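# Fold and contact review
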Amino acid sequence: MLRSLFVLSMVALLVCMASAADIAPGDVIVKSDIEAFGRPVDLDPIQLAGASGNFGMQLNKPTAGCWGAVKLDPGDYTLLYRVWAPAGDQDGFFVDIRAKRDRRVPPGQRRWHTMAYNFSVKAPESVPVAIIAQELGFVVDQIALVKGTYETNQVRIPDLPGDTIEGPQIRPSELPRFESAATLAEAPTGPFAEDEGALWHEDFEGDFEGAGGAHRVVDGEFGKALYLDVPDGRYVVDCADMDLASQGTVEFWVKPRVAQQLWWDQGWHFLIHCEPADAEAGKGVSLSLSRHPMTQLKLEAKASGGEISDGAAMSTGRVDVNTWHHVLISWDLAPKRQYLWLMVDGAGKQVEFDAKFTP
């Protein structure tokens, strides 16, 4: 009896393995090196035996990953991604599909895994897909999308029929809205320079206007700084003569009170608010930067009247509460395609969408 059960188990296993490897060429929607999929950001090449072309892509920064989209018909699908895990269950990373984020962990260390993510499409749609770093040092080699439902390591990407298949990938500019990581070419490390592109600059070293409520001048990271105290400390800049309606950037160095733990705590904090001069007439776009545990750090653009809004958000769980940080918001609301950027210390988010705001 035991021998019969053993034989039956082996037959079932062989049948399962055979059906997993038997994927028809027409069922492979996408098969690509990770750096060729969508919009890759901050992927570092690393030489690694067994990788496609002997090079994988290491996720060495919090902003590292790839963001793309695929046009799909109704049906069941499996997203496959081939990974190398130096530390196994300590190598967590994120998979986003339709902006729903799941944390994934490989089942073992120091070997290749083809991990699987199952999802369904109910009607024809463009499905946004992203693989995003969490634990740094993790290696991703290839990505594939196939019809049907498979489990992790049930099928290997190198065994899929055909060579590179770009499939129905969609350029970000073809999507109504696309979100990805973004980094500055060079993160600021010192005080701002008054260059030709600056419409306004303040270092609080001499006399200045605009401070109101509870405030005082204190020692800062680069000379003097303005301390805005509770309950009503604020700093207001009149931008009426600055051409910021369509495009602009605001950047500042900031260090919240250490005891406040603004980057981590459970409160709601507003850092900056930009209001159009003719907001009362229902014209223009307002911009607000705030942090709340539900939204994290969020830049929100809102049309006057509030009927249209969009924004960019990023986690601040890694931000050190004890040091100064460079914060930047930027916008391009020119017609046809509009953009928002939000960054802390030179890294953050870019959101682009079909024009919805009238500057």
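Worth saying up front: this structure is predicted, and the values here are computed from it rather than measured.

A count of helices and strands for the protein chain gives 1 helix and 24 strands. The C-alpha extent of the protein chain, read off along each of the three principal axes, is 90 × 40 × 40 Å. Restricting the contact set of the protein chain to residue pairs at least 6 apart, pairs at least 24 apart contribute 65%. For the protein chain, the exposed area adds up to about 19,300 Å²; of that, 51% sits on carbon and sulfur atoms. Distance from the positive charge centre (32 side chains) to the negative charge centre (50 side chains) of the protein chain: 10 Å.

Turning to the pairing of strand β9 (residues 112–121), a few remarks are in order. Along β9, 8 of the 10 residues are buried, which leaves the element largely enclosed by surrounding structure. Relative to β9, strand β6 (residues 75–84) is paired through 10 bridges, and the arrangement is antiparallel. Bridge pairing in β9 places L79 opposite Y117.

To continue, consider the nonpolar core. Of all hydrophobic cores here, the largest spans 31 residues; its most connected members are L72, L79, Y81, F119 and L145. Every element with two or more residues in this core is listed here: β1 (28–33), β4 (55–59), β5 (65–72), β6, β7 (93–97), β9, β10 (125–133) and β11 (138–147). Grouped together as the second largest cluster of nonpolar side chains are 26 residues, L262, L297, V319 and L333 included.

Our next topic: the sheet that holds strand β19 (residues 285–292). Read from one edge to the other, the open sheet built from 4 strands follows the order β18-β19-β20-β21, with strand pairing classed as antiparallel. The sheet is open, and its two borders are formed by β18 (269–274) and β21 (309–314), each paired with just one other strand. Neighbouring strand axes in the sheet, compared pairwise and without regard to direction, differ in orientation by 15 degrees on average. Bridge analysis of β19 against strand β20 (residues 296–303) gives 8 bridges, and the strand direction is antiparallel. Bridging across to β20, L287 finds its partner in A301.

This part is about the sheet that holds strand β24 (residues 347–354). Strand order in this open sheet of 5 strands is β12-β24-β23-β22-β17, and the pairing throughout is antiparallel. Strands at the two margins of the open sheet, each flanked by one partner only, are β12 (177–183) and β17 (247–254). Here the average twist between neighbouring strands, direction ignored, is 15 degrees. In the sheet, strand β22 (residues 325–332) pairs with strand β23 (residues 337–344) via 6 bridges, with the strands oriented antiparallel. Along β23, the bridge assignment pairs I329 with L342.

Going through the model one piece at a time under the given rule, you end up with 14 salt bridges. With a closest N to O distance of 3.4 Å, R177 and E179 form a salt bridge. The class of E179 is partly exposed, set by a relative accessible area of 29%. The residue R177 makes a salt bridge to D310 at a minimum N-O spacing of 3.0 Å. Within this pair, whereas R177 is found in strand β12, its partner D310 is found in strand β21, the two being separated by 133 residues in sequence. Assessed through its relative accessible area of 36%, R177 is described here as partly exposed. D310 gets classed as buried once you look at its relative accessible area, which sits at 9%.

This part is about the environment of E186. Structurally, the position occupied by E186 is in the loop between β12 and β13 (211–212). A relative accessible area of 69% means that E186 is categorised as exposed. For E186 and M242, which are 56 residues apart along the polypeptide, the C-alpha to C-alpha distance reads 26 Å.

For the protein chain, per-residue confidence averages 86 on the pLDDT scale, and residues scoring 70 or more make up 92% of the total. Segment residues 1–20 is flagged for pLDDT under 50; beyond a separation of four residues in sequence, or across chains, it makes 4 contacts in the model.

Once that is clear, we can look at the packing of aromatic side chains. For the structure on display, the rule yields 12 aromatic pairs. Ring geometry for Y81 against F93: centres 5.6 Å apart, planes inclined by 85 degrees, an arrangement best described as edge-to-face. Placement of the pair is Y81 in strand β6 and F93 in strand β7, with a sequence separation of 12 residues. Classification of Y81 as buried rests on a relative accessible area of 0%. One aromatic cluster is present, formed by W200, F204, F208 and Y235 through successive ring pairs. Stacked on the ring of W112, the Lys or Arg R82 has its end atom at 4.3 Å from the ring centre. Over the face of the ring belonging to Y227 we find R216, whose NZ or CZ atom lies 4.2 Å from the ring centre.

On to the side chain of Q58. The topology assignment puts Q58 in strand β4. Residue Q58 is classed as buried on the basis of its relative accessible area, which comes to 17%.

Along β23, 7 of the 8 residues are buried, which leaves the element largely enclosed by surrounding structure. Bridge analysis of β23 against β24 gives 8 bridges, and the strand direction is antiparallel. Residue pairing in the sheet places L342 in a bridge with K349 of β24. Once β23 ends, the chain turns through 2 residues before running back antiparallel as β24, passing D345 with a positive phi of about 55 degrees.

What counts, and at which threshold
- Residues numbered from 1 in each chain as written.
- Predicted model: local features only at pLDDT ≥ 70, side-chain atom pairs only at ≥ 80, totals over all residues.
- Heavy atoms only, no water.
- Helix = DSSP H or I, 4+ residues; strand = E, 2+ residues; numbered from the N terminus.
- Contact = heavy atoms within 4.5 Å.
- Areas by Shrake-Rupley, 256 points an atom, 1.4 Å probe, with all protein chains shown as cover.
- Lys, Arg positive; Asp, Glu negative; His and termini not counted.
- Charge placed at Lys NZ, Arg CZ, Asp CG, Glu CD.
- Buried < 20%, exposed > 50% of the residue type's maximum accessible area, 1.4 Å probe, protein only.
- Pairing = 2+ DSSP bridges.
- Core = buried A, V, L, I, M, F, W, Y, C linked by side-chain atoms within 4.5 Å.
- Axes fitted to C-alpha atoms, helices over the stretch in contact; angles between N-to-C directions.
- Salt bridge = Lys/Arg side-chain N within 4 Å of Asp/Glu carboxyl O.
- pLDDT = per-residue confidence, 0-100.
- Phe/Tyr/Trp six-rings, centres within 6.5 Å; stacked < 30°, edge-to-face > 60°.
- Lys NZ or Arg CZ within 6 Å of the ring centre and 35° of its normal.

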